[in-house]
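Structural overview for review
Now for the letters of each chain:
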Amino acid sequence: MAPAITLAADAPTLSAANTGFMLICSALVLIMTPGLAFFYGGMVRVKSTLNMLMMSFISMGIITILWVLYGFSMAFGTDSGSIVGWSSDFVGLSGIGKMELWDGYTIPIYVFAVFQLMFAIITPALISGALADRVKFTAWSLFIALWATIVYFPVAHWVWGTGGWAFELGVIDFAGGTAVHINAGAAALGVILVIGKRVGFKKDPMRPHSLPLVMLGAGLLWFGWFGFNAGSWLGNDDGVGALMFVNTQIATAAAMLAWLAYEKIRHGAFTTLGAASGAVAGLVAITPSGGAVSPLGAIAVGAIAGVLCAMAVGLKYKFGYDDSLDVVGVHLVGGVAGSLLIGFFATGGGQSDAAGLFYGGGLDQFWKQCAGVFGVLAYSLVASAVLAFLIDKTIGMRVPEDDEIAGIDQAEHAETAYDFSGAGGGAATRTVPPAPVAGAASKKVDA
């Protein structure tokens, strides 16, 4: 990501090509949230499908309004203490001219704002996968409103806003390894430590009800991620966005293959769920690093992340935290891996001249990456746990146990994902006993 803050009087001329490209990228990032809803929705049991879909969809409503009212100002306004931004012109997007350009770029501020909005939407939606089956919809809605305000908007400023401490330190996060994936993964861990396990965790089978939906969701995520990543350079003028596009594809493929190889060795099968999860792990890992590494580096980043994430998803059974759909195992671990590997594989010839250990840069960039990774992780983990605790002690975070067992869809939404009432179809039939003649065949007649 390459944001800027101060509006320049002599800004470059608006580029119709870059503006159109960024609008398309914004739409691609938005489609990732419904893609995520399908990805998560297919992985839960039938009785939780609609709730899982709605936990993503509601983010598109709540976060959009908050972003317009004050979120954009907090994330990308004038810096205050390297912690948060604020610009009155950005409040309500009311003081922005339609032709006013983002400082140093050839796209309007409106376009930059809407592109960043799509990131703000999907980040809290990512958290929802860890909380499947057991959270009140009103509590979830309140949580994401507070979480975006207290956690996401400030962290986005740290990482991408001029004056933010991570930005000024030189932490590389091209499109959201820290601000999106580590942020969401740490938040998921913080919340599940507060609200506890699902009824039947480690006892009842909790298999995905629709692997085709999972694959559809993964495909939409993969497709939309090109806008997520390549668009984060805010233009197409110097080839860095093209490098990121290519590396996104390469790392995703490498991670999927690495996950499947690990799965075959460890469990004896190549699963569709493993293929989908491996692809997402690769997308997560290349998000912070793809503008800094070479295509060969992207293979390494993807393969390492694929194996690490495949190993990490089993930790919840060892340590007893109920991360329903492996948000911690994929997004937190993948985000950490992709961010830290910049310190080893950055070539110095991509988005900046910062080089990693394997390209003669020593460990200087690695320590910067550590500061960004663990600073965001710690803040999000603690703040998210505190928010969940406060909500749980006031309006309550969890649905009643009976509702969880019977199905959160019916309890929270008064609907079910699938209507089986007409599944039989046609007229019922019965079998007539055979006639008392040797060899006579039975026959069916309408009941």
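Model, not experiment: these values are computed from the prediction.

1. Comments concerning the side chain of Asp173
By the secondary structure assignment, Asp173 is in the loop between helix 5 (165-169) and helix 6 (177-195). No salt bridge forms around the buried Asp173; measuring N to O, its nearest opposite-charge neighbour Lys368 is 15 Å away. Reaching out from Asp173, the side chain makes a polar contact with the side chain of Thr178 at a distance of 2.4 Å. A polar contact of 3.3 Å, which involves the side chain of Asp173, links it to the backbone nitrogen of Ala179.

2. Some details on helix 8 (residues 240-267)
Here helix 8 spans 39 Å end to end across 28 residues, near enough to the 40 Å set by a 1.5 Å rise per residue. Backbone geometry just after helix 8 places Gly268 at a positive phi near 85°.

3. Topic: the packing of helix 1 (residues 16-43) against helix 2 (residues 49-76)
Running from N to C, helix 1 and helix 2 point in directions that differ by 165°, and their axes come no closer than 8 Å. Comparing their axes, helix 2 and helix 1 come out roughly antiparallel. For helix 1 against helix 2, the interelement crossing comes out right-handed. Contacts from Leu30, Thr33, Pro34, Leu36, Ala37, Phe38, Tyr40 and Gly41 in helix 1 reach Thr49, Met52, Leu53, Ser56, Phe57 and Met60 in helix 2. Of the residues in the contact of helix 1 with helix 2, the class split is 10 nonpolar, 4 polar and no charged.

4. Overview of the environment of Ile195
In this fold, Ile195 is placed in helix 6. Once the C-alpha coordinates of Ile195 and Gly372 are considered, the two residues, 177 residues apart in sequence, prove to be 27 Å apart. Beyond its immediate chain neighbours, meaning those up to four positions away, Ile195 contacts Leu131, Arg134, Val135, Met397 and Arg398.

5. Overview of helix 4 (residues 137-160)
Residue Ala148 marks the point of greatest curvature in helix 4, where the axis turns by about 45°. Within helix 4, 20 of the 24 residues are buried, which leaves it mostly tucked inside the rest of the structure.

6. Overview of the pattern of salt bridges
Considering all chains together, one arrives at 7 salt bridges under this definition. Between Arg134 and Asp322 there is a salt bridge; the shortest N-O distance is 4.0 Å. Of this pair, Arg134 sits in the loop between helix 3 (109-127) and helix 4 while Asp322 sits in the loop between helix 11 (315-319) and helix 12 (327-345); the two residues are 188 residues apart in sequence, bridging distant segments of the chain. Judged by relative accessible area, which is 0%, Arg134 ranks as buried.

7. Some points on unusual backbone geometry
Phi at Lys202 is positive, roughly 70°, even though this residue is not glycine. Turning to its location among the elements, Lys202 is positioned in the loop between helix 6 and helix 7 (211-230). In this structure, Ala414 is a non-glycine residue whose phi angle is positive, near 55°. With respect to the helices and strands, the residue Ala414 is situated in the loop between helix 15 (408-413) and strand 3 (429-432).

8. With respect to the packing of aromatic side chains
A full pass over the atoms with the stated rule returns 29 aromatic pairs. Seen in terms of ring centroids, Phe72 and Phe90 are 4.7 Å apart; in terms of plane orientation they differ by 35°. Their pairing is tilted. Residue Phe72 is found in helix 2, and its partner Phe90 is found in the loop between strand 2 (84-86) and helix 3; the two are separated by 18 residues along the sequence. Relative accessible area serves as the criterion here: at 0%, Phe72 is assigned to the buried category. We classify Phe90 as buried; its relative accessible area is 3%. Seen in terms of ring centroids, Trp140 and Phe143 are 5.9 Å apart; in terms of plane orientation they differ by 25°. Their pairing is stacked. Separated by 3 residues within a single helix, Trp140 and Phe143 lie in helix 4, roughly one turn from each other. Considered together, Trp140 and Phe143 belong to a single accessibility category, that of buried residues. An aromatic cluster of at least three residues, connected via ring pairs, comprises Trp67, Tyr70, Phe72, Phe76, Phe90, Trp102, Phe112, Trp147, Tyr152 and Phe153.

Rules of the game
- Residues numbered from 1 in each chain as written.
- Predicted model: local features only at pLDDT ≥ 70, side-chain atom pairs only at ≥ 80, totals over all residues.
- Heavy atoms only, no water.
- Helix = DSSP H or I, 4+ residues; strand = E, 2+ residues; numbered from the N terminus.
- Buried < 20%, exposed > 50% of the residue type's maximum accessible area, 1.4 Å probe, protein only.
- Lys, Arg positive; Asp, Glu negative; His and termini not counted.
- Salt bridge = Lys/Arg side-chain N within 4 Å of Asp/Glu carboxyl O.
- Polar contact = N/O pair within 3.5 Å; in protein donor to acceptor, adjacent residues only side chain to side chain.
- Expected span 1.5 Å × (residues − 1).
- Axes fitted to C-alpha atoms, helices over the stretch in contact; angles between N-to-C directions.
- Parallel < 35°, antiparallel > 145°, perpendicular 65-115°, else oblique.
- Left-handed = near helix turned anticlockwise from the far one by under 90°.
- Contact = heavy atoms within 4.5 Å.
- Nonpolar A, V, L, I, M, F, W, Y, C, P; charged D, E, K, R; others polar.
- Bend = angle between axes of the 7 residues up to and from the residue.
- Phe/Tyr/Trp six-rings, centres within 6.5 Å; stacked < 30°, edge-to-face > 60°.

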